[in-house]
Every structure is written in C-alpha cells, then in structure tokens.
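# Structural overview for review
Listed here are the chains, written in short residue letters.
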Amino acid sequence: MKKHVIIISVIIIVGCIIMMIPVGGTDVPEEETIKKKKSMDLSEFSGNAPEKELKLLFIHHSCGGQLFADPGEDSGENCIYESHPNGGGLRTLIENQGYSVHEASYASEIGDRTDIFDWLPKFSDKMEKVLKCSNQDKFHAEDDERNNIVAFKSCYPNNNFVGRGEEPGNAEGPELTVWNARAAYAALLPEFQKYPEVLFICVTAPPLAGRLSPEPICKHLARKVLNKPRQKRSNGPLAREFNNWLKAEDGWLKDYAEKNVVVFDYYGVLTANGKSNYCEYPTGKHRTNSHPSSEGNRLSAEAFVPFVNRAVRRAGLVP
C-alpha cells in the first residue's frame, strides 16, 4: 500500500512538472508591414570628434544602461552599468571622442520616470536640474556648469501600442496610442525651444522582441481543446508608424525652426534597419526578451558616434 502511494505521488509530481513546461514560443507574424522612412540627413556635417569637451547627459533605464556599458559581467546598479553581458560600449566610444558623460536612471529624481508621458512634466518642471545633473542625484558644482547635450530614451514597453487612437491625441495619455504619443512629443518642442544652446537627442525606444513567450503546456492544451487561437501581437506596425514619424524630416520636427533637436533611431538599428518591425537582436533562451543583445547594442553604439558628432555641429555647439 505504501509503495502504491509513493508511485502515485511521483506520477502526480511529474505530471505537474510536465504541465508547467512552457511551449508554443513562435515568431510574431507581420500582419501589416509599414516601411521605414529616411531619417534627417546630417551628412553635410563632419562626423569627426569635436575639438572641445562637451557634457552629455543620458537619461535612460535598463536598455540604455546596457547600450552604454562595456561588454562583460553585470557590474553596476540602478541600470547604470560599468559592464554588462548585453553591453554595447557606447560610453567608452563617446568618451574617446572627448565627451564628458553623465547618466541618470532608476532611483534618481531625474532618471526615475522615462515613459513617453513622463517627458513633458520632467522637462517643463525640472529642466534646470536636468541641465545640472552630473550623475543620478548629484549636480555639477559650478553655478555656470551645465550639460551641453541631453539624450533621453524611453524603454521598449513604450512600443507596445494599443492602437492608433484619435487625432490630435492627448499629451498626457494615459493610453498608449500613436496619436497620444505624437501629442506628447509635440508638446516637448516649446520646452526645447527655450534652450537653443542645448542639443536634445531623442533616442527612439527599442523594439519589442519578435517572438511570443512560451506558455505552460496546460494552457497550450486547453486552447487546443477549446479551439481558441493564441492571441497575437499586432503592435509592430504601430511602433514602426510612430517611430517613422518621430525621425522623418517630414514628421515630428517638420515645423521646428531651431537646430537643437535630433532623433537617433535606436529602434531602426535594432530592427536591422527595417528588416521587420520587431527586434532582430533579442535575448533570452527563447529569444523573447526585448533587451537587445551585445551585438545589437554594439551596432547601435557604432552608429551613434558619427551621429552625435554631426548633430553637435548642426546645433552650432562646435564649428
């Protein structure tokens, strides 16, 4: 009797484990492909390093921290890493160009909130602190010492659009639609216009991974029995549409007269420059993690260097 109980118990335990095994991770189909658009052309400006030191502040969360980090072991805190397995090495590359690099991320007043609808209150209410930020909640010591360049990036959930929404959109959201996001970015331009001596670099949010996460086998089998299709992600084309608008010459900056705002298309690089509307450099065992790999971040870092050198010249920060 005791032996039978043990056998039954083992069978139940094994069955439970099997039922929890994830299955069904699949590629996300492209229901509608929206082609990439050409970014602002900065080719008339030199891509060489500037001849004087410029202070650059990058406001970011995990993906931005990994983009900045050197490849290696996970070393750092609050998403400001010295090294990381997904490291792209951007901090080292731009420091070698003569830039003084500063960061704000999680657990700081300037870096803690970086979603699309957070930027307007941050830049309208805290711009002076943004320009003085040297690292997290530390600020430049001298009264006249300020950042020359402010790069800011939302993370990949900000490409998880729920729909196109209605024109003209609401700058406060809260629903993440294409039109609400457009309204939020449009509302930033009057704030940036007040600081023509500062270059603002909008770094587009990285794309979502192009594979669906595996699901427990019990859920998978239940759907099959009930003949219910798995819910499919369809926000890739909406992300492409929004990021096209953000970076294109006839998009976000079309009617902006100043030269102190540019867009670095991180989203575009990580979609392999338009191969799909999803991340072509995902991470994780099943390639479902939207944090870009070291390769994707390295390619992005290499593209950023000449981009920022050209942008500072367009903005008139250096000859």
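Here goes a summary of the coordinates provided. Values in this document were obtained by computation on a predicted structure and should not be read as measured data. (Residues numbered from 1 in each chain as written. Predicted model: local features only at pLDDT ≥ 70, side-chain atom pairs only at ≥ 80, totals over all residues. Heavy atoms only, no water.)

Take helix α6 (residues 178-186) next. With seven of nine residues buried, α6 lies mostly within the body of the structure. Of all the residues in α6, the buried ones are Val-178, Trp-179, Asn-180, Ala-181, Ala-183, Ala-184 and Tyr-185. The inward-facing, buried residues of α6 contact α4 (119-125), β9 (149-153), α7 (189-193), β10 (199-203) and α9 (236-247). (Buried < 20%, exposed > 50% of the residue type's maximum accessible area, 1.4 Å probe, protein only. Helix = DSSP H or I, 4+ residues; strand = E, 2+ residues; numbered from the N terminus. Contact = heavy atoms within 4.5 Å.)

The subject of this paragraph is the packing of aromatic side chains. Following the criterion strictly, the structure yields 15 aromatic pairs and no others. Here Tyr-185 and Phe-242 contribute two aromatic rings whose centre-to-centre distance is 5.7 Å and whose plane-to-plane angle is 55°, an arrangement assigned as tilted. One end of the pair, Tyr-185, is in helix α6; the other, Phe-242, is in helix α9, with 57 residues separating them in the sequence. A relative accessible area of 3% places Phe-242 in the buried class. An angle of 45° between the planes, with centres 6.0 Å apart, marks the rings of Phe-304 and Phe-307 as tilted. (Phe/Tyr/Trp six-rings, centres within 6.5 Å; stacked < 30°, edge-to-face > 60°.)

What follows concerns the layout of surface pockets. Computed from the structure, the largest pocket encloses a volume of approximately 480 Å³. Forming the walls of the largest pocket are 22 residues, and the residues nearest its centre are Ser-39, Met-40, Val-263, Asp-265 and Phe-307. Taken together, the elements giving at least two residues each to the lining of the largest pocket come down to α9, β12 (261-264), α10 (266-270) and α11 (294-314). In terms of residues, the lining of the largest pocket owes the most to one element, α11, which gives four residues. Considering only residue class, the lining of the largest pocket consists of ten nonpolar, four polar and eight charged. (1 Å grid on protein atoms, 1.4 Å probe; cavity = no way out; pocket = protein on both sides within 12 Å on 5 of 7 lines; lining within 4 Å. Points joined across faces, edges and corners; volume = space filled by probe spheres on them. Nonpolar A, V, L, I, M, F, W, Y, C, P; charged D, E, K, R; others polar.)

What follows deals with the nonpolar core. A general trend in soluble globular proteins is that nonpolar side chains are found buried together. Formed by 38 residues in total, the largest nonpolar core has its most connected members in Phe-123, Phe-152, Tyr-185, Phe-192 and Trp-252. The residues contacting Phe-152, other than those within four sequence positions of it, are Phe-58, Ile-59, Trp-119, Phe-123, Tyr-185, Leu-188, Phe-192, Phe-200, Ile-201, Cys-202 and Val-203. Core analysis: the second largest hydrophobic core is formed by 36 residues, Leu-90, Ile-94, Phe-264 and Val-308 among them. (Core = buried A, V, L, I, M, F, W, Y, C linked by side-chain atoms within 4.5 Å.)

The first and last C-alpha atoms of α9 sit 17 Å apart over twelve residues, in line with the 16 Å expected at 1.5 Å per residue. Buried residues dominate α9, accounting for eleven of its twelve residues. Of all the positions in α9, only Gly-236, Pro-237, Leu-238, Ala-239, Arg-240, Phe-242, Asn-243, Asn-244, Trp-245, Leu-246 and Lys-247 are classed as buried. Turning to α9, the residues buried within the fold contact α6, β10, β12 and α10. (Expected span 1.5 Å × (residues − 1).)

This part is about the packing of α6 against α9. It is at 10 Å that the axes of α6 and α9 come closest, and there the two elements cross at 25°. It follows from the interaxial angle that α6 and α9 lie roughly parallel. Handedness of the α6/α9 crossing: right-handed. Facing Val-178, Ala-181, Arg-182 and Tyr-185 of α6, the residues of α9 in contact are Leu-238, Glu-241, Phe-242, Trp-245 and Leu-246. Along the lines of polarity and charge, the residues of the contact of α6 with α9 split into seven nonpolar, no polar and two charged. (Axes fitted to C-alpha atoms, helices over the stretch in contact; angles between N-to-C directions. Parallel < 35°, antiparallel > 145°, perpendicular 65-115°, else oblique. Left-handed = near helix turned anticlockwise from the far one by under 90°.)

Here we come to the pairing of β10. The two faces of the sheet receive side chains in turn, since in a regular strand these alternate between them. For β10, a buried count of five out of five residues is recorded, marking the element as mostly surrounded by other parts of the structure. Neither face of β10 is open: one carries Leu-199, Ile-201 and Val-203, the other Phe-200 and Cys-202, and all of them are buried. Sheet topology note: the β9/β10 ladder contains five bridges and is parallel. For Ile-149, the partnering residue across the bridge sits in β10 and is Leu-199. (Pairing = 2+ DSSP bridges.)

Moving on, we come to the environment of Ala-311. Mapped onto the elements of the fold, Ala-311 is located in helix α11. Ala-311 gets classed as buried once you look at its relative accessible area, which sits at 0%. For the pair formed by Ala-311 and Val-262, sequence separation is 49 residues and the distance between their alpha carbons is 7.1 Å. The residues touching Ala-311, leaving out its near neighbours within four places in the chain, are Leu-42, Leu-199 and Val-262.

Taken in spatial order, the three strands make up an open sheet running β3-β5-β4, and their pairing is mixed. Each edge of the open sheet carries a strand with a single partner, namely β3 (70-71) and β4 (75-77). Where β3 and strand β5 (residues 80-84) come together, two bridges link them in parallel fashion. Within β5, the position partnered with Asp-70 by the bridge is Ser-83.

So, about the pairing of β5. The element β5 is largely enclosed, with a buried count of four among its five residues. Bridging between β4 and β5 involves three bridges; their strand directions are antiparallel. If you follow Glu-77 over to β5, its bridge partner there is Ile-80. Between β4 and β5, which pair antiparallel in sequence order, lie two residues; one of them, Asn-78, sits at a positive phi of approximately 55°.

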